[in-house]
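Analysis of the macromolecular model
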Amino acid sequence: MFGLSRTRTVRHLRDRLTAAAEEIAATREKAASNLAAAVRTSEHYRSLHDRLTAAETDAARLRRDLARLQARYDDAVGITSPAVEMGEHWQTRRTDKPLPEVSS
C-alpha cells in the first residue's frame, strides 16, 4: 500500500515535470519568435526614421533654395529696389487716389 502511493506520487511528479518542461520549451519558442518580430519591427522603425530624417533634410534644402531663388527673382524684377518701397508709402498718401463710393 505504501509503495503504490509512492509510485503514483513519483509518476505524478514526473508527469508534472514533463508538462512543465514542455511548457518552458513552448514559452521559449514563443519568446524567440516574439523577439525576432520585435527586432524586425525595430529595424523597420529605424528605416522609417532614417527616411524621414532624409526627407526633412531635403525639404530644408529645398526651402533654402527656394528662398534664394525668390530673392534673385525679386532682385531681377526690381521689387527690392528703394523706389518700389517708396512707391508703396506714396500710394497710401496720394492725392489723386479715387475715394470709394458710399452707397445710401
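Going by the structure above, here's the rest.
These lines cover the structure that appears in this document, whether it is placed above or below. (Residues numbered from 1 in each chain as written. Predicted model: local features only at pLDDT ≥ 70, side-chain atom pairs only at ≥ 80, totals over all residues. Heavy atoms only, no water.)

The helix and strand tally for the protein chain stands at two helices and zero strands. The buried share of the protein chain, reckoned over its 104 residues, is 1%. (Helix = DSSP H or I, 4+ residues; strand = E, 2+ residues; numbered from the N terminus. Buried < 20%, exposed > 50% of the residue type's maximum accessible area, 1.4 Å probe, protein only.)

The next subject is a nonpolar patch on the surface. A surface patch of nonpolar side chains, about 300 Å² in accessible area, is lined by Tyr 73, Val 77 and Ile 79. Inspection of the secondary structure assignment puts Tyr 73 in helix 1 (residues 2–77). (Patch = residues over 30% accessible without salt bridge, like charges linked within 9 Å, V, L, I, M, F, W, Y side chains within 5 Å. Areas by Shrake-Rupley, 256 points an atom, 1.4 Å probe, with all protein chains shown as cover. Salt bridge = Lys/Arg side-chain N within 4 Å of Asp/Glu carboxyl O.)

Let us look at the pattern of salt bridges. All chains considered together, the criterion is met by four salt bridges. For Arg 61, the salt bridge is made with Asp 58, and the minimal N-O distance between the two is 4.0 Å. In this pair, Arg 61 and Asp 58 are both assigned in helix 1, three residues apart and thus about one turn of the helix distant. Among the residues examined, Asp 58 registers a relative accessible area of 38% and is labelled partly exposed. Taking the shortest distance from any N to any O, the salt bridge between Asp 65 and Arg 68 comes out at 3.9 Å. Linking Asp 65 with Arg 68, this pair stays in helix 1, spanning three residues, or about one helical turn. In this structure, a network of salt bridges that share partners links the residues Asp 58, Arg 61, Asp 65 and Arg 68.

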